[in-house]
Amino acid sequence: MSVYKLQFDNRLFFDNFAITIKDLGLMVSKKIGDLKDLKNHRIAFVSDDNFVLTDSVFYVYKNEIDGAIVRKEQLSDELRDILLNLGFVILLLNNEGEPVDIFYPVVNITPKKGRISVLTSGTTGIPKVIPHSWDTLFTLRKKVDMPGFKWLLTYSPGTYAWFQMITMVMFIPDQCLIISSSNYPEDIWMNGIIHGATAISSTPTFWRYLFLKKNLEDLKKVNLKQITLGGETVDQSILDKLKYIFPSARITHIYAATEIGAVIIVNDGKEGFPIEWLKEYNKSDERPLIKIIDGKLWIKSPFSALNINDWYCTGDLVQIKEDRVVIIGRDSSEFVNVGGMKINVKVIESTLLKHPYILWCRVYSKPAPLVGQIVSADVVLHNEYKYLPKENLEKTILDYLKSQGLFDWALPRVFKFLDSIPLTNNFKTKYE
Amino acid sequence: MIANEKIVEMIKYILSKQGKMVDDIKMESTLRDINFRSLDFAELCLRIEEETGRELNFEGIQFRAIVTVGDVCEFIQKAIENK
């Protein structure tokens, strides 16, 4: 059990009811209480009901279970095999919290009290299972005096970002969570209006999706005081747009990874982080250390997963732009090789996003004769530019990219203009 | 099959969005004169594949023989037929 004190009076708002921390964990406890043979196992709780999964995590905490929380739609055959090989019993629960199916592990691994396994969001493939503890998950432990907020929960159960929100409402006074049964951003937003959200933590893609579906008036109906962005690269265009819509909100962007925790927290409204932090963070052991080797970001973090004790290469590429370190994205898997010339797709994406017409984009390679690969881009335009003739549009965008210094070979050759943004379960940009 | 006129139209589109002149393009125009490069050719192939729904097959077809717009059209037609 964690040394931190549970905040029994903090509340969680579901679609049509609210419950305090004190009462969470009881439903699942009642429904699976008779399953005595589970005691000597690690347990993965699987359901498609967000309340059941939330109740399960409190049951896990209160009973010091070596556990994991998994959304049913994420439980592919591959993930099921991974969990069984890690010694998990997989417990499928219906929306009443009753076990409807149980899979037993193929190996016997002694459970460890207080170990929590967190699933990566699986943006680029099968999710990984990363061991944490309540201590390493509670990265806000220095923020116990933060003002009280009603947070709109946008993250998928069982992921690192979700645990950040859960540990916050567990251990920090005066925090509430609004949890939706629906997994669509527009429904989550509607719940924020109904329950009077004052804060939100989400990916930039969540916001871009909302910008397409909601007008300015709908967005302003939620009186946000705190906006936190994470899970993806945060660029200046999204920071500026949010500042315009919510002028009185504090806007924070966080660099976090399941393996190393939430390590870089920026509040000045600018993309990237100040270059001085490469030095300043070395002053105290309590804060993560940051360094750059060969253009890649390395972190040594007190919030690292249990199996990481030293410097960790995040795989993210960074660029120094004047006095800022700007994170541009993941390494080699996302390069396009055009006749021997290589470019990271994130460089092209970040340039595209600066164009005023473009709300969202993803860039990828397409196999092509003579040159091996060419650059392709899927693009979603802001609503007000949706009906512009596509022929002129491509030229306008290409001229802009050239003016920003992209070489001819790095320009997207094929554009696909999409009507909506393809999302992953954690509201990140989906790559095929 | 795809009409040669359609291929020429695509060539003009690829060049025009780069700001290149396209008014005088004819079947006998040389690729050098109209500034049509290998990257443009790669894009043209992808667009044709998308248009026809068929993958082009370049096996055994000579690249070196392509000098004019007409050669491009002939080459593409062969690649479409080349199963």
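Residues numbered from 1 in each chain as written. Chains lettered and ligands numbered in written order. Predicted model: local features only at pLDDT ≥ 70, side-chain atom pairs only at ≥ 80, totals over all residues. Heavy atoms only, no water.

Draft legend 1. Inspection of the nonpolar core at higher detail. Residue and element names in this part refer to chain A. The biggest cluster of nonpolar side chains holds 48 residues, and the ones touching the most others in it are Leu12, Phe45, Phe163 and Leu177. A per-element tally of this core places helix H5 (residues 160-171) first, with nine residues. Leaving out residues up to four positions away in the same chain, Phe45 has contacts with Val28, Ile32, Leu53, Ser56, Tyr59, Val60, Ile65, Ala68, Ile69, Val70, Leu91 and Leu93. Judged by nonpolar contacts, the second largest core, of 33 residues, contains Leu152, Phe206, Leu224 and Leu229. (Core = buried A, V, L, I, M, F, W, Y, C linked by side-chain atoms within 4.5 Å. Buried < 20%, exposed > 50% of the residue type's maximum accessible area, 1.4 Å probe, protein only. Helix = DSSP H or I, 4+ residues; strand = E, 2+ residues; numbered from the N terminus. Contact = heavy atoms within 4.5 Å.)

Draft legend 2. Geometry of the side chain of Asn50(A). Residues and elements named next belong to chain A. Examined against the element boundaries, Asn50 turns out to sit in helix H2 (residues 50-62). Residue classification places Asn50 among the buried residues on the basis of a relative accessible area of 7%. A polar contact of 2.7 Å, which involves the side chain of Asn50, links it to the backbone oxygen of Ser180. Once residues lying within four places of it in the same chain are set aside, the contact partners of Asn50 are Phe14, Arg71, Pro157, Ile179, Ser180, Ser181 and Asn183. (Polar contact = N/O pair within 3.5 Å; in protein donor to acceptor, adjacent residues only side chain to side chain.)

Draft legend 3. Looking closely at the packing of H2(A) against H5(A). Residues and elements named next belong to chain A. For the pair H2 and H5, interaxial distance at closest approach is 12 Å and the crossing angle is 65°. Read as a crossing pair, H2 and H5 show a hand that is right-handed. In this structure, H2 uses Leu53, Thr54, Val57, Phe58 and Tyr61 to contact H5, whose residues at the interface are Trp162, Phe163, Ile166, Met170 and Phe171. Its residues placed into classes, the contact of H2 with H5 shows nine nonpolar, one polar and no charged. (Axes fitted to C-alpha atoms, helices over the stretch in contact; angles between N-to-C directions. Left-handed = near helix turned anticlockwise from the far one by under 90°. Nonpolar A, V, L, I, M, F, W, Y, C, P; charged D, E, K, R; others polar.)

Draft legend 4. Seen up close, H5(A). Residue and element names in this part refer to chain A. The terminal C-alpha atoms of H5 lie 16 Å apart, and with 12 residues this matches the ideal 16 Å at 1.5 Å per residue to within 8%. Counting buried positions over the 12 residues of H5 gives 11, a clear majority of the element. Residues of H5 that are buried: Tyr160, Trp162, Phe163, Gln164, Met165, Ile166, Thr167, Met168, Val169, Met170 and Phe171. (Expected span 1.5 Å × (residues − 1).)

Draft legend 5. Region of interest: the sheet that holds strand E12 (residues 226-229) of chain A. Residues and elements named next belong to chain A. Strand order in the open sheet formed by eight strands is E2-E1-E10-E9-E11-E12-E13-E14, and the pairing between neighbours is mixed. What marks the edges here is a single partner per strand, and that holds for strand E2 (18-20) and strand E14 (261-266). Taking the axes of each pair of neighbouring strands and ignoring which way they run, one obtains an average angle of 25° across the sheet. Of the pairings in the sheet, the one linking strand E13 (residues 250-257) to E14 comprises five bridges and is antiparallel in character. Within E14, the residue paired with Tyr255 across the bridge is Ile264. The sheet strands contacting helix H6 (residues 185-195) are strand E1 (11-13), strand E9 (149-153), strand E10 (175-178) and strand E11 (199-202), and the helix crosses E9 at an angle near 160°. (Pairing = 2+ DSSP bridges.)

Draft legend 6. Highlighting the packing of aromatic side chains. Residue and element names in this part refer to chain A. Counted according to the given criterion, the structure contains 22 aromatic pairs over all chains. For the pair Tyr4 and Phe138, a centre-to-centre distance of 4.9 Å together with 75° between the ring planes defines the contact as edge-to-face. Taken together, the positions of Tyr4 in the segment before E1 and Phe138 in the loop between helix H4 (134-137) and E9 put the pair 134 residues apart, joining distant regions of the chain. When its relative accessible area of 23% is taken as the criterion, Tyr4 is described as partly exposed. A relative accessible area of 1% places Phe138 in the buried class. Within the aromatic cluster, the residues linked to one another by ring pairs are Tyr4, Tyr61, Trp134, Phe138, Trp162, Phe163 and Phe171. If you follow Lys150 out to its NZ or CZ, it ends over the ring of Phe13, 4.4 Å from the centre. We note Lys241 situated over the ring of Phe211; from NZ or CZ to the ring centre the distance is 4.7 Å. (Phe/Tyr/Trp six-rings, centres within 6.5 Å; stacked < 30°, edge-to-face > 60°. Lys NZ or Arg CZ within 6 Å of the ring centre and 35° of its normal.)

Draft legend 7. Quick peek at the confidence of the model for chain B. Residues and elements named next belong to chain B. For chain B, per-residue confidence averages 87 on the pLDDT scale, and 93% of positions sit at 70 or higher. Per-element confidence in chain B ranges from a low mean pLDDT of 89 for helix H4 (residues 69-81) to a high of 93 for helix H1 (residues 4-16). Interface predicted TM-score (ipTM) for the complex: 0.87; the corresponding pTM is 0.81. (pLDDT = per-residue confidence, 0-100.)

Draft legend 8. Region of interest: the interface of chain A and chain B. Taken together, the 18 residues of chain A in the interface contact 19 residues of chain B. Looking only at chain A, the three residues that lose the most surface to chain B are Pro369(A), Leu370(A) and Arg413(A), adding up to 42% of its buried area. Inspection of the region where chain A meets chain B yields six salt bridges. The shortest N-O distance in the salt bridge between Glu43(B) and Arg413(A) comes to 2.7 Å. Our enumeration of links across chain A and chain B arrives at five residue pairs in polar contact (both at pLDDT 80 or more). Of all elements in the fold, only strand E22 (358-368) and helix H12 (390-403) of chain A reach the threshold of two or more residues within the side of chain A that touches chain B. (Buried area = accessible area lost by both parts, 1.4 Å probe. Salt bridge = Lys/Arg side-chain N within 4 Å of Asp/Glu carboxyl O.)

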